[in-house]
Amino acid sequence: MKTTFWTALIVLLVGLWDIQLAVKRWPKKNQESQDGSATRGYIAFLILGIIFVITGVVLFFVK
């Protein structure tokens, strides 16, 4: 499988963007008790971000 530099860069940037979204969505201290929001969507963004970052780094070194 041949990948280009741009493909690896895009995958890496998408992974970093997902991690940034997860950090922004991370619940603040005592947020659940204040407004009752028990959403766990930030975990999915964090997992996808980690997968994309690892894949992007691997694609940089695969020829």
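Up top you'll find the structure we're talking about.
Just so it is clear, the model here is predicted, and its values are computed rather than measured. (Residues numbered from 1 in each chain as written. Predicted model: local features only at pLDDT ≥ 70, side-chain atom pairs only at ≥ 80, totals over all residues. Heavy atoms only, no water.)

A few points about a nonpolar patch on the surface
Here is the rule: Patch building starts from residues that exceed 30% relative accessible area and form no salt bridge, then joins like charges within 9 Å and nonpolar side chains (Val, Leu, Ile, Met, Phe, Trp, Tyr) within 5 Å. Using a 1.4 Å probe, accessible areas were evaluated by the Shrake-Rupley method; residue-level cover was limited to the displayed protein chains. Think of a salt bridge as a Lys or Arg side-chain nitrogen and an Asp or Glu carboxyl oxygen that are within 4 Å of each other. Runs of H or I in DSSP of at least four residues are treated as helices and runs of E of at least two as strands, each being numbered from the N terminus. Classification of residues uses two cut-offs on accessible area relative to the type maximum, computed with a 1.4 Å probe and protein chains only: under 20% is buried, over 50% is exposed, and between them is partly exposed.
A grouping of Ile10, Val14, Trp17, Ile43, Ile47, Leu48, Ile51 and Phe52 is seen on the molecular surface, where their side chains present a nonpolar patch of about 720 Å² in accessible area. Going through the elements one at a time, α1 (5–25) and α3 (41–61) are the ones with two or more residues in the nonpolar patch. Examining the composition of the nonpolar patch, we find that five residues originate from one element, α3, more than from any other. Its location among the elements puts isoleucine 43 in helix α3. On the basis of relative accessible area, isoleucine 43 is assigned to the partly exposed category, the value being 37%.

As for the environment of glycine 56
Let me state the cut-off plainly: Contacts are assigned to residue pairs that have any heavy atoms within 4.5 Å of one another.
Tracing the sequence through the fold places glycine 56 in helix α3. Given a relative accessible area of 0%, glycine 56 falls into the buried group. Distance in space between the C-alpha atoms of glycine 56 and leucine 12 is 4.4 Å, their sequence separation being 44 residues. Ignoring anything within four residues of it in the chain, the contact list for glycine 56 reads Ala8, Val11 and Leu12.

Quick look at the packing of aromatic side chains
For clarity, the cut-off: Stacked, edge-to-face and tilted labels apply to pairs of Phe, Tyr and Trp rings (six-membered ring for Trp) whose centres lie within 6.5 Å, assigned for plane angles under 30 degrees, over 60, and everything in between, in that order.
According to the stated counting rule, one finds two aromatic pairs in the structure shown. Between phenylalanine 5 and tryptophan 6 the ring centres are 5.1 Å apart and the planes differ by 75°, which places this aromatic pair in the edge-to-face class. Relative accessible area serves as the criterion here: at 47%, phenylalanine 5 is assigned to the partly exposed category. Residues phenylalanine 5 and phenylalanine 60 carry aromatic rings whose centres are separated by 5.6 Å and whose planes lie at 55° to one another, so their mutual orientation is tilted. Of this pair, phenylalanine 5 sits in helix α1 while phenylalanine 60 sits in helix α3, and the two are 55 residues apart along the sequence. Judged by relative accessible area, phenylalanine 60 falls into the partly exposed class, the value being 32%. Every member of this aromatic cluster is reached through a ring pair, and the members are Phe5, Trp6 and Phe60.

So yeah, pure geometry; function would need other evidence.
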